Amino acid sequence: MTAGATQLQQQTHISKLTLTNFRNYAALSIGLSPGAVVLSGDNGAGKTNLLEAISLLTPGRGLRRAPYADLAREDGDGGFALHARIEGPEGQAEIGTGIAGGDSGESGRRVRINGAAARSSEDMLEWLRVVWLTPAMDGLFPGPAADRRRFLDRLVLAIDPGHGQRALDYEKAMRGRNRLLTEGSRDGSWFEAIETQMAETGVAIAAARAELARLLAAMIERLPSSGPFPQADISLDGDLEKALGSAPAVDVEERFRRALADGRDRDRAAGRTLDGPHRSDLVVRHRPKAMPAELCSTGEQKALLVGIVVSHARLTGEMSGMTPILLLDEIAAHLDAGRRAALFSILEELNCQAFMTGTDAALFSSLAGRAQFLTVDHGTVGPTEDP
Ligand SMILES: Nc1ncnc2c1ncn2[C@@H]1O[C@H](COP(=O)(O)OP(=O)(O)OP(=O)(O)O)[C@@H](O)[C@H]1O
């Protein structure tokens, strides 16, 4: 067996995917290969739906952030089910998730791993990590900070599975504080308890983001300085993230707790908490052009994002031994032939399973013989003839 074959065997990948009543799929079961998987088909055929299904194999609402009830096929019973067989260095796992018919999905989706109910959806991270780039993210740099924060937190989650719970705990505490503010409560001990929790979880969130930014910046240095995917300078714009650069976490926590207490009147007037990691931003600059990312062309922004995502995939692989599965929706749309070829060879070098979609398989023809080509046709998926 060649060294390459051994490597491929160890790659974390989905080898089988089954969808039941998911979006436009009534029933689908497909075998998947490690490495690149190209999904081509007409507009509306169901390519993104397939990626969305895979994105639900990680905590959260998936790549469209759609309500679970919308994921259930329109003519179905109101529920949906996904099932995936994962193969990786740790062995094989069977992961299932979905909601039952008649369940609005508001209470969350169920997750089963190897036949047993998971304690939380974060248990899936023991088996695989999933990261995506979608056309909706083309507007990430000029768009709202909330989208960049979400992107950043997803990158953190892939290297630090505890991040999701931290974010949930912080949001829950903040909702509690906001409720006290809008109710006009003056109950000092209630505020103190909630603000202490916000300070603890908030600083932990900021510290995890700062650590990701530091590690990711080191990985981005490994991108060739004049290559097709430009080096990005990334930094975090947030009071806590900045303070952590020059003070120990316990001091930052205490400062944040005091700032929350001192800011009650101001926040009461605003009806919400105005300071905290829920207001932080990810700042990206195009290093070769010495320009903020949001001022770059659409193609340049896409190339920057690809550089960040592949650097992150490399980082995750090196840290966890598990390279994320990449979902690259319509990835070829803004990349010229040279950049496409460069992307394909980076993906091969990363040794990750990467799903790429496009209306035209020809854009991926240089991968012939090195990728699995599948044609998506309104609820069915089969091998692409003559890719
Ligand atoms: N809950 C649902 N039940 C049934 N069909 C659905 C549901 N949600 C979406 N669809 C259908 O799925 C199709 C969209 O699929 P998808 O977004 O995956 O297309 P695509 O192949 O990525 O297309 P494009 O190339 O245009 O991006 C649409 O025809 C839409 O009507």
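Below is a short write-up of the structure. (Residues numbered from 1 in each chain as written. Predicted model: local features only at pLDDT ≥ 70, side-chain atom pairs only at ≥ 80, totals over all residues.)

Comments concerning the overall build of the chain
Scanning the chain from N- to C-terminus turns up 11 helices and 15 strands. For 387 residues, the compact-globule formula gives about 21 Å, and the C-alpha radius of gyration of the chain, at 22 Å, lands near that figure. Overall, the chain is about 70 × 55 × 40 Å in size when its C-alpha atoms are taken along their principal axes. Taking all 387 residues of the chain together, the buried fraction comes to 43%. Counting contacts in the chain only where the partners sit at least 6 residues apart, residues at least 24 apart contribute 70% of the total. (Helix = DSSP H or I, 4+ residues; strand = E, 2+ residues; numbered from the N terminus. Rg over C-alpha atoms; globule rule 2.2 N^0.38 Å. Buried ≥ 20, exposed ≤ 12 C-beta atoms within 10 Å, placed from the backbone. Contact = placed C-beta atoms within 7 Å.)

Regarding the site of the ligand
Around the ligand, the surrounding shell holds 16 residues, and the nearest of these are Asn 43, Gly 44, Lys 47, Thr 48 and Asn 49. Looking at the shell around the ligand element by element, the count peaks at 3 residues for helix H2 (residues 47-55). Along the lines of polarity and charge, the residues of the shell around the ligand split into 3 nonpolar, 8 polar and 5 charged. (Near = placed C-beta within 6 Å. Nonpolar A, V, L, I, M, F, W, Y, C, P; charged D, E, K, R; others polar.)

Quick word on helix H5 (residues 163-183)
Think of an α-helix as 3.6 residues a turn; residues three or four steps apart then line up on the same face. Look at H5: 30 Å from first C-alpha to last across 21 residues, which is about the 30 Å you get at 1.5 Å a residue. Of all the residues in H5, the buried ones are His 163, Gly 164, Arg 166, Ala 167, Tyr 170, Ala 173, Met 174, Arg 177 and Leu 181. Backbone geometry just after H5 places Gly 184 at a positive phi near 75 degrees. (Expected span 1.5 Å × (residues − 1).)

Here we look at the sheet that holds strand E9 (residues 232-237)
Pairing is antiparallel in the open sheet, where 3 strands are placed in the order E9-E10-E11. What marks the edges here is a single partner per strand, and that holds for E9 and strand E11 (291-292). Inspection of the sheet shows E9 paired to strand E10 (residues 281-286) by 6 bridges, in the antiparallel sense. Each residue of the ladder has a partner; that of Leu 236, found in E10, is Leu 282. (Pairing = 2+ DSSP bridges.)

Topic: the packing of helix H6 (residues 188-220) against helix H8 (residues 249-262)
Following both chains from N to C, one finds H6 and H8 inclined at 135 degrees, their axes separated by 9 Å at the closest point. Between H6 and H8, the angle falls in the class oblique. For the crossing formed where H6 meets H8, the hand is right-handed. Seen from H6, the contacting residues are Glu 195, Thr 196, Met 198, Ala 199, Glu 200, Gly 202, Val 203 and Ala 207; seen from H8, they are Ala 249, Val 252, Glu 253, Phe 256, Arg 257, Leu 260 and Ala 261. A per-class count over the contact of H6 with H8 returns 9 nonpolar, 2 polar and 4 charged. (Axes fitted to C-alpha atoms, helices over the stretch in contact; angles between N-to-C directions. Parallel < 35°, antiparallel > 145°, perpendicular 65-115°, else oblique. Left-handed = near helix turned anticlockwise from the far one by under 90°.)

Notes on the environment of Leu 335
Within the element layout of this structure, Leu 335 appears in the loop between strand E12 (325-328) and helix H11 (337-350). Under the C-beta neighbour-count criterion, Leu 335 is labelled partly exposed, with 19 such atoms within 10 Å. The spacing of Leu 335 and Glu 171 is 164 residues in sequence and 38 Å in space, taken between C-alpha atoms. Beyond its immediate sequence surroundings of up to four residues, Leu 335 is in contact with Lys 302, Arg 340 and Leu 343.

Quick look at the sheet that holds strand E13 (residues 354-358)
Spatial strand order, E8-E12-E13-E3-E14-E15: 6 strands in an open sheet with mixed pairing. The two strands at the open ends of the sheet, each matched to only one other strand, are strand E8 (130-133) and strand E15 (380-383). When the angles between neighbouring strand axes are averaged without regard to direction, this sheet yields 20 degrees. For strand E3 (residues 36-40) and strand E14 (residues 371-377), the ladder comprises 5 bridges, and the chain directions are parallel. Among the inter-strand pairings, Ser 40 is bridged to a residue of E14, identified as Thr 375. Each of E8 and E12 touches helix H10 (residues 298-320); the most contacted strand, E8, lies at about 170 degrees to it.

Some words on the nonpolar core
If you look at the biggest cluster of nonpolar residues, it comprises 106 residues, and the most contacted ones within it are Val 38, Ile 54, Val 309, Leu 326, Leu 327 and Phe 355. Ranked by residue count, the leading element in this core is H6, at 12 residues. With sequence-adjacent residues up to four places away left out, Val 309 is seen in contact with Val 131, Leu 133 and Leu 326. (Core = buried A, V, L, I, M, F, W, Y, C linked by C-beta atoms within 7 Å.)

Looking at the environment of Met 322
For Met 322, the location among the structural elements is in the loop between H10 and E12. Each C-alpha atom of the pair Met 322 and Ala 158 lies 9.6 Å from the other, and the pair is 164 residues apart in sequence. Once you skip the residues sitting within four places of it in the chain, Met 322 turns out to touch Thr 12, Gly 88, Leu 128, Arg 129, Thr 316 and Gly 317.

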